[in-house]
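# Structure assessment
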Amino acid sequence: MKNIVILISGGGSNMAAIVRCAQRDNWRKAYDAQVAAVISNRPDAGGLAVAREHMIATEVVDHKRFATREEFDAELAAAIDRRQPSLVVLAGFMRILTPAFVQRFQGRLVNIHPSLLPAFPGLHTHRRAIDAGCRVAGATVHQVTTELDFGPILEQAVVPVLADDTADTLAARVLTQEHLIYPRAIARLLPQI
Ligand code: NHR
Ligand code: GAR
């Protein structure tokens, strides 16, 4: 069985979209794959309850309990390893990962970033896209490498930026597309891992 471990920090709507797609398209039968666990770095992440509703194992590795990024990442990696993952999915996961962590899972570590990479890596992407006068925005699914928001692109979606957009209205439009492309990108990866 190919175990998928999803890392979240917040509401987990991308995680929920992946879980729903896995159920609807029967990933168990199609790819011998399952979402094995959802791990959050924040104890109050809304996505934890969503995962539990779907009978998925959850775990918290609270970054605030650790003095350094290296110590947090070591504990996070150990928690992931216990699930024997074939694929590790960052879904609104908000902690930058150390090179040691990325190297350990390289090739089976993916992220969704709310911009059309290579434009706007990092945070506050929607505000920055509006301020730059972009006519289009979007989201990118990519392999994670040690360079932030830079790995090989797997999937992208484009949305228009409207004249009266705020960062919030643009984020909501991008998010609906994220929910389509992230499950699709993962489904395309599963036969190869
Ligand atoms: N780690 C590596 N090495 N490479 C990537 O491509 C990564 C990554 C970790 C997370 C997601 C990413 C995004 O899609 C991601 C990609 C958090 C930050 C950040 O600055 C930046 C990019 C991403 C996620 N985080 C702050 C930090 O100090 C904390 C911010 C907060 O807690 O709200 O880690 O955008
Ligand atoms: C999504 O838009 C995701 O692309 C973005 O946060 C949101 C999480 O929503 N990720 C980042 O900004 C990573 N730095 P979700 O928790 O509902 O999936």
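Treat the numbers as computed from the prediction; the structure is a model and nothing was measured. (Residues numbered from 1 in each chain as written. Chains lettered and ligands numbered in written order. Predicted model: local features only at pLDDT ≥ 70, side-chain atom pairs only at ≥ 80, totals over all residues. Heavy atoms only, no water.)

### Digging into the environment of Ala-139
The condition is simple: A helix here means a DSSP run of H or I that spans at least four residues, while a strand means a run of E at least two residues long, and both kinds are numbered starting from the N terminus. Residue burial is assigned from relative accessible area. The probe radius is 1.4 Å, only protein chains are included, and a residue is buried under 20% of its type maximum, exposed over 50%, and partly exposed in between. Working rule for contacts: check all heavy atoms of both residues, and any pair within 4.5 Å makes them a contact.
With respect to the helices and strands, the residue Ala-139 is situated in strand β6 (residues 136–143). Residue Ala-139 is classed as buried on the basis of its relative accessible area, which comes to 1%. The sequence separation of Ala-139 and Ile-181 amounts to 42 residues, and the corresponding C-alpha distance is 8.5 Å. If sequence neighbours within four positions are ignored, Ala-139 has contacts with Ile-112, His-113, Pro-114, Ser-115, Leu-116, Glu-155, Gln-156, Ala-157, Val-174, Glu-178 and Ile-181.

### Focus: the sheet that holds β6
Short version of the rule: Any two strands between which DSSP finds at least two bridges are classified as paired. In this description, a line fitted to the C-alpha atoms serves as the axis of each element, helices being fitted only across the stretch in contact, and the angle between N-to-C directions of two axes falls anywhere from 0 to 180 degrees.
Pairing is mixed in the open sheet, where seven strands are placed in the order β3-β2-β1-β4-β5-β6-β7. Both edges of this open sheet fall to β3 (57–60) and β7 (153–160), since each of them pairs with a single strand only. Pairwise comparison of adjacent strand axes, ignoring direction, gives a mean angle of 20 degrees for this sheet. The sheet contact formed by β6 and β7 spans seven bridges and is antiparallel.

### Some details on the site of ligand 1
Selection criterion: We call a residue near a molecule or strand whenever a single non-hydrogen atom of that residue lies within 4 Å of it. The term polar contact refers here to a pair of N or O atoms within 3.5 Å; inside protein, the definition further demands a hydrogen-donor-capable atom paired with an acceptor-capable atom, and it admits residues adjacent in sequence only when both atoms are side-chain atoms. Areas reported as accessible are Shrake-Rupley estimates using a 1.4 Å probe. Residue values count occlusion only from the protein chains shown. Gly falls in the polar group here, along with every residue not listed as nonpolar (Ala, Val, Leu, Ile, Met, Phe, Trp, Tyr, Cys, Pro) or charged (Asp, Glu, Lys, Arg).
Taken together, 20 residues form the shell around ligand 1, and within it Arg-69, Met-94, Asn-111, His-113 and Asp-149 come nearest. Asn-111 places a side-chain nitrogen or oxygen 2.8 Å from an oxygen atom of ligand 1. Backbone polar atom of Asp-149 to an oxygen atom of ligand 1: 2.7 Å apart, as the coordinates give it. When the free accessible area of ligand 1 is taken as 720 Å², the share hidden by the protein chains comes to 85%. Element by element, the count of residues in the shell around ligand 1 is highest for strand β5 (residues 109–113), at three residues. Taken together, the residues of the shell around ligand 1 break down into 10 nonpolar, six polar and four charged.

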